[in-house]
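Remarks on the overall topology
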Amino acid sequence: MEAFDIAGLCAHPDDAELVMGGTLAREAAAGRKVALVDLTRGESGSRGSPAVRAAEAAEAARVLGASHRESLGLPDSALERTVAHRDVIVSALRRLRPAIVVTQHWDQRHPDHGMASHLVYDACFMSGLRNYRPDLGAAFRPRKVVFATSMTETIEAVPSFVVDITATFETKMRAIRAFASQFSPAAGETVALPFERFQESVELTARRQGQRIGVTFGEGFVTREPVEIDDLLALRGRSI
Ligand SMILES: [Zn+2]
């Protein structure tokens, strides 16, 4: 049975790249086994066919160094906090058995993003219940669930910790650019946010998160529980 160190679970192909791409690339470069799980195929996206987006998603995973990527095929733009949708994720968790799960923050503009956050959190708990749906695989519970705070448009979530992605920022941007169909308007199409502006926005967010810990680029994350520290002297960064 496969077992992964880290699994990034997000609503749509390209979400993980945007909010945790630098972190996952850094972990993969350190030899960690990383899986990407897209809850939907992004079929409601305004551009690019599902087949094109699947090929782009595979390429982006390769760029980040993830050893596995799959789509759970849940309906795009119709994710619901239902038992049926949750159990599709339970099944994936029991198959992939990731130690750490990273997902999206719950307070987001796109309803799918918030829904994915709740579904993944619920699924991580239910997956560990021995007598719950044994037909979906042997019980397994990830040790930690971590929520990415980058690109939360409606709030500025204060991260529990920030990962320095200065060394992998370019890799993150290459992975985002792998989704070329999303950024290629048809002839005559008016684009609300041109790709150059979009890239600037991604960079600004990474710079803001990095600023919090005194590095060039960062990605922020929250955990619902406080972060445990063994050794005060091992605390990194500076307070003042
Ligand atoms: Zn999305």
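Below is a short write-up of the structure. (Residues numbered from 1 in each chain as written. Predicted model: local features only at pLDDT ≥ 70, side-chain atom pairs only at ≥ 80, totals over all residues. Heavy atoms only, no water.)

**What about the pattern of salt bridges?**
Taken as a whole and assessed by the stated rule, the structure comprises 16 salt bridges. A salt bridge links Asp135 to Arg133; the shortest N-O distance between them is 2.8 Å. Between Lys144 and Glu225 there is a salt bridge, and its shortest N-O distance comes to 2.6 Å. Linking Lys144 in strand E5 (residues 144–148) with Glu225 in the segment after strand E7 (218–222), this pair joins segments that are 81 residues apart in sequence. By relative accessible area, Lys144 is classed as partly exposed at 24%. Residue classification places Glu225 among the partly exposed residues on the basis of a relative accessible area of 31%. Here the residues in one salt-bridge network are Arg86, Asp87, Arg133 and Asp135, joined through shared partners. (Salt bridge = Lys/Arg side-chain N within 4 Å of Asp/Glu carboxyl O. Helix = DSSP H or I, 4+ residues; strand = E, 2+ residues; numbered from the N terminus. Buried < 20%, exposed > 50% of the residue type's maximum accessible area, 1.4 Å probe, protein only.)

**A few points about the packing of aromatic side chains**
Aromatic ring pairs are reported here in terms of the distance separating the ring centres and the angle at which the planes meet. This model, assessed by the stated rule, comprises five aromatic pairs. Judged by centre distance (5.0 Å) and plane angle (85°), the rings of Trp106 and Phe147 are edge-to-face. With a gap of 41 residues between them, Trp106 in the loop between strand E4 (98–104) and helix H4 (111–126) and Phe147 in strand E5 connect regions that are remote in the sequence. Pairing Tyr121 with Phe147 gives two aromatic rings, centres 5.8 Å apart and planes at 50°, and the pair type is tilted. Separated by 26 residues along the polypeptide, Tyr121 in helix H4 and Phe147 in strand E5 bring together distant segments of the chain. Each member of the aromatic cluster is reached from another via a ring pair, and the members are Trp106, Tyr121 and Phe147. (Phe/Tyr/Trp six-rings, centres within 6.5 Å; stacked < 30°, edge-to-face > 60°.)

**Re the nonpolar core**
Counting 36 residues, the largest nonpolar core has Leu18, Met20, Leu36, Val102, Val202 and Phe221 as the members making the most contacts within it. For this core, the secondary structure elements donating two or more residues are strand E1 (4–10), helix H1 (15–29), strand E2 (34–40), helix H2 (50–64), E4, E5, helix H5 (169–177) and helix H6 (195–213). Top element by residues in this core is H1. It accounts for seven residues. Leu18 has contacts with Met151, Lys172, Ile176, Phe198, Val202 and Glu219, leaving out every residue within four places of it along the chain. Formed by 27 residues, the second largest nonpolar core is a distinct cluster that contains Phe4, Ile89, Val90 and Val145. (Core = buried A, V, L, I, M, F, W, Y, C linked by side-chain atoms within 4.5 Å. Contact = heavy atoms within 4.5 Å.)

**Topic: the packing of H5 against H6**
Packing of H5 against H6 leaves a shortest axis separation of 12 Å and a crossing angle of 145°. Seen from above, H5 lies across H6 with right-handed handedness. Touching Phe169, Lys172, Met173, Ile176 and Arg177 of H5 are Phe195, Phe198, Gln199, Val202, Glu203 and Ala206, all from H6. Broken down by class, the residue content of the contact of H5 with H6 amounts to seven nonpolar, one polar and three charged. (Axes fitted to C-alpha atoms, helices over the stretch in contact; angles between N-to-C directions. Left-handed = near helix turned anticlockwise from the far one by under 90°. Nonpolar A, V, L, I, M, F, W, Y, C, P; charged D, E, K, R; others polar.)

**Here we look at H6**
Helix length check: H6, at 19 residues, gives a terminal C-alpha distance of 28 Å against a target of 27 Å (1.5 Å per residue), a fit within 8%. All buried positions along H6 are accounted for by Phe195, Phe198, Gln199, Val202, Thr205, Ala206, Gln209 and Gly210. All buried residues of H6 fall inside an arc of 135° around its axis, so they share one side. Summarising the geometry of H6, the exposed residues directed more than 90 degrees from the buried face are Glu196, Glu200, Leu204 and Gln211. Contacts from the buried residues of H6 go to H1, strand E6 (161–164), H5 and E7. After H6 finishes, the residue Gly214 shows a positive phi value of roughly 75°. (Expected span 1.5 Å × (residues − 1). Arc of directions from axis to C-beta.)

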